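Here is what each chain is made of, one letter per residue.
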Amino acid sequence: MVKVVRSFPAPLSLAIETTKVNGSYNEPDVVRQLKSDFNDKCYICELKELQDPEVEHLLPHMNGKYRDRKYDWNNLFWACRHCNSVKKAEKYNSGIIDCCKQDPEKLVSFDFIQGNVRVEAIDSNDSQSVLTAELVYETFNKMNTGIREAACDMRIKSLSEAMNILYKELSRYKDNPSSKRNTRMLKAILGRESAFAAFKRSYVRKRLEEYPGLAAFVN
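Each chain carries its own residue numbering, running from 1 in the direction its sequence is written. Note on the predicted model: pLDDT of at least 70 is required for a residue's local features to be given, and 80 or more for side-chain atom pairs to be given and counted; whole-chain, interface and lining totals, by contrast, use all residues. For the side-chain quantities, the full set of heavy atoms in the structure was used; hydrogens and water were omitted.

Peer 1: Is there a simple way to explain the overall build of the protein in this structure?
Peer 2: Labels follow the DSSP assignment, with helices taken as runs of H or I lasting at least four residues and strands as runs of E lasting at least two, numbered in each case from the N terminus. What the protein contains, in helices and strands, is nine helices and four strands. Order of helices (α) and strands (β) in the protein, N terminus to C terminus: α-α-β-α-β-α-β-β-α-α-α-α-α. Atoms considered for the radius of gyration are the C-alpha atoms alone. The globule rule reads 2.2 Å times the number of residues to the power 0.38. Over its C-alpha atoms the protein spans a radius of gyration of 18 Å, differing by no more than 12% from the 17 Å that the globule rule assigns to 219 residues. Along the longest, intermediate and shortest principal axes, the C-alpha atoms of the protein span 65 × 35 × 35 Å. In the protein, which comprises 219 residues, the proportion classed as buried is 47%. Considering only contacts within the protein whose residues lie at least 6 apart along the sequence, 65% involve residues at least 24 apart. We get accessible surface area from the Shrake-Rupley algorithm with a probe of 1.4 Å; when it comes to residues, only the shown protein chains can shield them. As displayed, the protein offers around 11,400 Å² of accessible surface, 50% of which is attributable to carbon and sulfur atoms. Where the 35 positive side-chain charges of the protein centre and where its 30 negative ones centre are 3 Å apart. Buried means the residue's accessible area, taken with a 1.4 Å probe over protein chains only, is under 20% of the maximum for its type, while exposed means over 50%, and partly exposed covers the values in between. Residues are treated as being in contact if the distance between any of their heavy atoms lies within 4.5 Å. When charges are counted, neither His nor the chain ends are considered; positive counts come from Lys and Arg and negative counts from Asp and Glu. Charged groups are reduced to one reference atom each: NZ for lysine, CZ for arginine, CG for aspartic acid, CD for glutamic acid.

Next up, the structure:
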């Protein structure tokens, strides 16, 4: 999970749909704007180019009980079906980090160690950060059904592939730190728009003594 810049004004359909008894919060203009703002990436697991995107509510509207939440542009996020399903657990109803208003990388630590995802709140007393870390961890590890097991396995595999690309480029960087091609590649790999950016950026950020020239790409 990384910081996302939400664009304004809100899609026009939201003001129209909120006046209806059974309005829609996922009209085409909403979908287009969210897909663009979130770089077609699930804001929770950071899987990119989603085949099963959903418009997700940061704070649940409880089947329309909270109409202000249902159509609130600031409460709508771009997520994959798997993560949206995991987040429906009641414990997440109180709300996780709003990545459009806060920088998750300053609040949560993201690591991928020997094929295992580790996500922890930097401040264990910050309940919102703890809850967010738990959610991200579960989207890679909650395998209580066959479908979820397959979804988690796919995300672990995709994350592993993304990290391996990073490792190869970092190795090239060590061999030739003046390579412009390699520098351009690392800038793209470490950009917040890339898949699994939080994990890749965290890896480099924790090793800036080895890669001081990359500080500008991860801070």
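Peer 1: Can you help me understand the pairing of strand β4 (residues 116–121) in this one?
Peer 2: In the case of a regular strand, side chains alternate between the two sheet surfaces. When DSSP finds two or more bridges between two strands, those strands count as paired. Both strand β3 (residues 108–113) and β4 contribute to a ladder of six bridges, which runs antiparallel. Looking at β4, one finds that Phe112 is bridged to Val117. Between β3 and β4, which pair antiparallel one after the other, the connecting turn spans two residues, and Gln114 there sits at a positive phi close to 50°.

Peer 1: What am I meant to see in the packing of aromatic side chains here?
Peer 2: Each aromatic ring pair is specified by the distance between its two centres and by the angle formed by the two planes. Stacked, tilted and edge-to-face are the three classes applied to pairs of Phe, Tyr and Trp rings, where Trp contributes its six-membered ring and a pair requires centres within 6.5 Å; stacked means planes under 30 degrees apart, edge-to-face means over 60, and tilted covers the rest. Taken as a whole and judged by the stated rule, the model has eight aromatic pairs. Taken together, a centroid distance of 4.8 Å and an interplanar angle of 40° make the contact between Tyr43 and Phe77 tilted. In this pair, Tyr43 sits in the loop between α2 (28–37) and β1 (53–57) while Phe77 sits in strand β2 (residues 76–80), placing the two residues 34 residues apart along the sequence. Across this residue pair, the class does not change: Tyr43 and Phe77 are buried.

Peer 1: How do you make sense of the packing of helix α6 (residues 146–175) against helix α7 (residues 180–189) when you look at a structure like this?
Peer 2: How two helices pack is summed up by the angle between their axes together with the distance between the axes. Angles shown run from 0 to 180 degrees and are taken between the N-to-C directions of axes, each axis being a line fitted to C-alpha atoms and, for helices, limited to the stretch in contact. Direction vectors running N to C along α6 and α7 enclose 150°, while the axes themselves pass 10 Å from each other. Here α6 and α7 pass one another in a crossing that is left-handed. Where α6 approaches α7, its residues Ile165, Leu166, Glu169, Leu170, Arg172 and Tyr173 are matched on the opposing element by Arg181, Asn182, Met185, Leu186 and Ile189. The sense of a crossing depends on the near helix, which, turned anticlockwise from the far helix by less than a right angle, makes the crossing left-handed and, turned clockwise, makes it right-handed.

Peer 1: So what exactly am I meant to see when it comes to the environment of Cys99 here?
Peer 2: Considering the arrangement of structural elements, one finds Cys99 in the loop between α4 (81–87) and β3. Given the relative accessible area of 0%, Cys99 is considered buried. Sequence separation between Cys99 and Leu58 is 41 residues; the distance between their C-alpha atoms is 9.9 Å. In contact with Cys99, not counting residues within four places along its chain, are Met1, Val2, Lys3, Val4, Phe38, Tyr43, Phe77 and Pro104.

Peer 1: Teacher, can you tell me more about α7 here?
Peer 2: Three or four residues apart is the spacing at which side chains of an α-helix point the same way, because the helix has 3.6 residues per turn. Here α7 has its buried residues at Asn182, Leu186 and Ile189. Down the axis of α7, the buried set is contained in an arc of 60°. They therefore lie on one face. Residues of α7 that are exposed and angled more than 90 degrees away from the buried face: Lys180, Arg184, Lys187 and Ala188. Among the structural elements, α6, α8 (197–205) and α9 (215–218) are those in contact with the buried residues of α7. Arc, as used here, means the arc of the directions from the helix axis to the C-beta atoms.

Peer 1: Can you help me understand the packing of helix α5 (residues 127–141) against α6 in this one?
Peer 2: Between α5 and α6, the least distance of the axes is 6 Å, while the angle of their chain directions is 100°. The orientation of α5 relative to α6 falls into the category roughly perpendicular. Across the interface between the two elements, Glu138, Thr139, Phe140 and Asn141 from α5 touch Cys152, Arg155, Ile156 and Leu159 from α6. Convention used here: angles under 35 degrees read as roughly parallel, angles over 145 as roughly antiparallel, angles from 65 to 115 as roughly perpendicular, and any remaining angle as oblique.

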